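What follows is each chain in one-letter form.
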Amino acid sequence: MHRDNRRIFRRHTWPILVLTLTVLAGCTPTARAPAPKRSPSPAASLPVPPALAWTSCQGGKFQCATLTVPADYANPTAGTMGVALVRAVAKDQAHRIGSLLTDPGGPGGSGIDFVTGTADTVLGRYRDRFDIVGFDPRGSGKSQPIHCLDSAATEQYLEVDQVPDDATERQALVTAHKQYAAACQANTPRLLSVLAADVVARDMEEMRVALGDAKLTFMGLSYGSLLGATYAELFPTKVRALDLDGVVDPAQDIEGFIRGQAIGYDDALNRFLASCVRAPCAFNADGQGRQKLDAITASVDRAPMKAGTRSIGPGGMAYAVAEGLTSPTRWNTLAQALALAGSGDGRGLLFLFDSYAQRNPDGTYSNLIDIYNAVTCTDRPAPRRIEDFDKIAADLKATAPYFGASTTYASLPCLYWPVTPTGRAHAIAAAGAPPILVVGGTHDPATPYAWAKALAGELQTGRLLTREGDGHVSLGKSQCIDDAVAAYLLDLVVPSPRTVCGAVTPSGQPSALAA
């Protein structure tokens, strides 16, 4: 349910749209397509990628290019596709190390937006000695994006109640996910089977070669950590340094992923409410925040809440609350939205929902929902019966009472996905790779700390770096973390074992992201 790091550095606006509904009728589920043959061994020879033709872009501050890669590495003669890249050229060419390739997560988050938005802020310390490079992974952003639904149908789909209360609501949920999966197959049949992490990791190897780097230096945030770990598994001798921050554990299956996120977001909800009591906020100054939240949730479940010219229903509210919990920099926004909703005004919740779903001011949506589902459902197998999802939701009632059911049923598209998964859940050792830095936050809701500890132990050369505090990923949340990561990426200095950092700003004052 909870997309990870794609919005952490994104500006937010208040778009308004009069709702128009496009019914999903007419899309019938198709038979699941067989899995394509596995990609060839990394040692299999591929043509050297064409030279990158960099052109000035973004007002002359950056350079843009498109890398041509095989559409299907299992059949490299069967056509190509383009992967869009951007770079900020190193300022100190005399001491340039090479390229720092980045991925902000998602899956499917725009690395182009990430680099252009942060090259002079959180990535600023790397500007002298690295060309900072971002890319839009295949199927997303500027790299031949897949689109399952039009914008109106996307809005309707996201508003489906993920916590069915009766047989009618349950059937509506099943129907919506079936029709969504069928629409993805109908509208993007060529790409659905070639989007998994191992394919994008091979694209990253093509990038390394095209960029002229002898070895890869990579910063992978959230889902980007899985891309980095997968690259290390496929190309361990081509690694220079990998910073994996906000870790997705490759050994987790979809059930483990659901459980981890549901419990993580419930923990964040509890910490948000406790924070409001310690420092009175707009919503929980009286200590009755959970009761008021449950009352708002029940009200929205009975009937959508008006939000200006639009409204927000139970599906949208679940996403909105999750969005507000992803980073404590948003906690005040969430408190204000819930206080407003307590008076029957859903505009604050709608703002958070629109941010979550990447809804643009003109009412259109990015394709992030589609690429997220397409990648998630092909990266690893899902439970094969709806009763299995029911059991997960029931088991989570005790440990994740607020997010357990909605997180579980938001993964239902994978039950009906028309393409057989090409990936599998498995531990990655990356034997032969140099030290790999694994960064985890103790109260990260989207990628729980346990996953970082697990990956650090699975990797033969993993080194765990811990941040004590709230919020998803640790980049920019702690001077101690940022200094350790910079020493590693720039000078290959690995932090001492069991290093633990608090969330402190460069000025030495407690960070707004700390609990």
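Residues numbered from 1 in each chain as written. Predicted model: local features only at pLDDT ≥ 70, side-chain atom pairs only at ≥ 80, totals over all residues. Heavy atoms only, no water.

Focus on the overall build of the chain
Selection rule: Here a strand is any run of E in DSSP of at least two residues, a helix any run of H or I of at least four, and the numbering for each starts at the N terminus. Should any heavy atoms of two residues lie within 4.5 Å, those residues are counted as being in contact.
Secondary structure summary: the chain contains 15 helices and twelve strands in total. Taking the intrachain contacts of the chain between residues at least 6 apart in sequence as the baseline, contacts between residues at least 24 apart amount to 78%.

Describing the nonpolar core
Most often, soluble globular proteins keep nonpolar side chains buried together rather than apart. For clarity, the cut-off: Put simply, buried Ala, Val, Leu, Ile, Met, Phe, Trp, Tyr and Cys residues joined by side-chain atoms within 4.5 Å make one nonpolar core. For every residue, the accessible area obtained with a 1.4 Å probe (protein chains only) is divided by the maximum for its type, and the residue is called buried under 20%, exposed over 50%, and partly exposed between those limits.
With 127 residues, the main nonpolar core has Phe272, Met317, Leu325, Leu338 and Trp417 as its most contacted residues. If you tally residues by element for this core, the top one is helix H6 (residues 254–278), at ten residues. Met317 has contacts with Leu293, Ile296, Thr297, Val300, Ile312, Leu338, Leu349 and Tyr402, leaving out every residue within four places of it along the chain. Ala84, Ala88, Phe114 and Val439 belong to the second-largest nonpolar core, a separate cluster that totals 30 residues.

Some points on unusual backbone geometry
Cis geometry is adopted by the peptide bond preceding Pro107, which originates at Gly106 and carries an omega value of 0°. Following the sequence through the fold, Pro107 ends up in the loop between strand E4 (98–103) and helix H1 (111–118). Of note in the backbone geometry, Ser222 takes a positive phi value of approximately 55° without being a glycine. Under the relative-accessibility criterion, Ser222 is labelled buried at 0%. Located in the positive-phi region is Leu492, a residue other than glycine, with phi close to 60°.

Overview of the packing of aromatic side chains
Short version of the rule: Ring pairs are drawn from Phe, Tyr and Trp, using the six-membered ring of Trp, whenever the two centres fall within 6.5 Å, and their geometry is named by plane angle: stacked under 30 degrees, edge-to-face over 60, tilted for the rest.
On inspection of all chains with the given rule, the structure shows nine aromatic pairs. Between the aromatic rings of Phe257 and Trp451, the centroid separation amounts to 5.4 Å while the plane-to-plane angle is 25°, which identifies the pairing as stacked. Separated by 194 residues along the polypeptide, Phe257 in helix H6 and Trp451 in helix H14 (residues 449–458) bring together distant segments of the chain. Grouping residues by exposure puts Phe257 and Trp451 together as buried.

What about the layout of surface pockets?
As a reminder of what qualifies: Only protein atoms enter the 1 Å grid used here, on which a cavity is any set of points holding a 1.4 Å probe that cannot leave and a pocket is any open set flanked by protein within 12 Å on both sides along at least five of seven lines; residues with an atom within 4 Å of a point are listed as lining. Grid points are joined across faces, edges and corners, and a volume is the space filled by probe spheres set on the points. All amino acids are sorted into three groups, where Ala, Val, Leu, Ile, Met, Phe, Trp, Tyr, Cys and Pro are nonpolar, Asp, Glu, Lys and Arg are charged, and the leftover types, Gly among them, are polar.
What the second largest pocket holds in volume is close to 530 Å³. Breaking the lining of the second largest pocket down by element, the ones donating at least two residues are helix H7 (289–302), helix H8 (314–325), helix H12 (386–399) and helix H13 (404–409). In terms of residue class, the lining of the second largest pocket is built from 15 nonpolar, five polar and seven charged.

Things to note about the packing of H6 against H12
As a reminder, the rule being used: Only the stretch in contact is used when fitting a helix axis, every axis being a line fitted to C-alpha atoms; angles between N-to-C directions are given from 0 to 180 degrees. The scheme is simple: roughly parallel for angles under 35 degrees, roughly antiparallel for over 145, roughly perpendicular for 65 to 115, oblique for anything else. Rotating anticlockwise by less than a right angle from the far helix to the near helix defines a left-handed crossing, while the corresponding clockwise rotation defines a right-handed one.
Packing of H6 against H12 leaves a shortest axis separation of 11 Å and a crossing angle of 30°. It follows that H6 is roughly parallel to H12 by the angle criterion. The way H6 lies across H12 gives a crossing that is right-handed. Only Phe389, Ile392, Asp395, Leu396 and Thr399 of H12 make contact with H6, whose side of the interface consists of Glu255, Ile258, Arg259, Ala262, Ile263 and Asp266. For the contact of H6 with H12, the per-class residue count stands at six nonpolar, one polar and four charged.

Notes on the packing of H6 against helix H9 (residues 331–342)
Relative orientation of the contacting elements H6 and H9 amounts to 80°, with a least axis distance of 11 Å. With respect to each other, H6 and H9 are oriented roughly perpendicular. Across the interface between the two elements, Ala268, Arg271, Phe272, Ser275 and Cys276 from H6 touch Trp331, Leu334, Ala335 and Leu338 from H9. A breakdown of the residues in the contact of H6 with H9 according to their chemical character gives seven nonpolar, one polar and one charged.

Topic: the environment of Val419
Secondary-structure assignment places Val419 in the loop between H13 and strand E10 (436–443). Val419 sits 234 residues away from Gln185 along the chain, and the two C-alpha atoms are 8.2 Å apart.

Examining the side chain of Glu206
Worth spelling out the cut-off: Residues scored as positive are Lys and Arg, those scored as negative are Asp and Glu, and His as well as the terminal groups of each chain are ignored. Each salt bridge in this description consists of a side-chain nitrogen of Lys or Arg and a carboxyl oxygen of Asp or Glu lying within 4 Å of one another.
Relative to the assigned elements, Glu206 resides in helix H4 (residues 197–211). No salt bridge is formed by the buried Glu206, whose closest oppositely charged neighbour, Arg208, lies at an N-O distance of 7.9 Å. Those residues in contact with Glu206, other than ones at most four positions away along the chain, are Leu46, Pro47, Pro49, Leu67, Val69, Pro70 and Tyr73.

With respect to H6
To be explicit about the condition: Each helix should span, by expectation, one fewer than its residue count multiplied by 1.5 Å. Polar contacts, as used here, are pairs of N or O atoms within 3.5 Å; protein pairs need one atom able to donate a hydrogen and one able to accept it. Residues neighboring in sequence count only if both atoms are side-chain atoms.
Taking 1.5 Å per residue, 25 residues should reach 36 Å; H6 reaches 36 Å between its end C-alpha atoms and fits that length. Its side-chain oxygen at 3.2 Å from the backbone nitrogen of Glu255, Asp253 defines the N-terminal cap of H6.

Thoughts on the sheet that holds strand E5 (residues 130–135)
Condition: Two strands pair under a simple rule: DSSP has to find at least two bridges between them.
If you trace the ten strands from one edge of the open sheet to the other, you get E1-E2-E3-E5-E4-E6-E7-E10-E11-E12, paired in mixed fashion. Looking at strand neighbours, the two that pair on one side only are strand E1 (55–57) and strand E12 (499–502), the edges of this open sheet. Pairs of neighbouring strands in the sheet enclose a mean axial angle of 25°, with direction left out of account. In this sheet, E10 lies alongside strand E7 (residues 239–245) in parallel orientation, the contact comprising three bridges. Its bridge partner lying in E10, Leu244 is registered against Val438.

Some points on the pairing of strand E11 (residues 462–470)
Inclusion rule: Assignment of crossover handedness uses the view with strands pointing away from the viewer, where a clockwise path from the first strand over the helix to the second indicates a right-handed crossover.
In terms of strand pairing, E10 meets E11 through seven bridges, oriented parallel. Each bridged residue has a counterpart across the sheet, and for His443 the counterpart in E11 is Asp470. The handedness of the E10 to E11 crossover, carried by H14, is right-handed. Pairing geometry for E11 and E12, over four bridges, is parallel. Looking at E12, one finds that Glu468 is bridged to Gly502. The parallel pair E11 and E12, bridged by helix H15 (residues 479–491), forms a crossover whose chirality is left-handed.

A few points about H12
Operational definition: When we speak of the arc, we mean the arc of directions from the helix axis to the C-beta atoms.
Taking 1.5 Å per residue, 14 residues should reach 20 Å; H12 reaches 21 Å between its end C-alpha atoms and fits that length. Taken together, the buried positions of H12 are occupied by Ile386, Phe389, Asp390, Ile392, Ala393 and Leu396. Around the axis of H12, the buried residues are gathered within 160° of arc, so they sit on the same side. Counted as exposed and oriented over 90 degrees from the buried face of H12: Lys391 and Ala398. In this structure, the buried residues of H12 make contact with helix H3 (167–187), H6 and H13.

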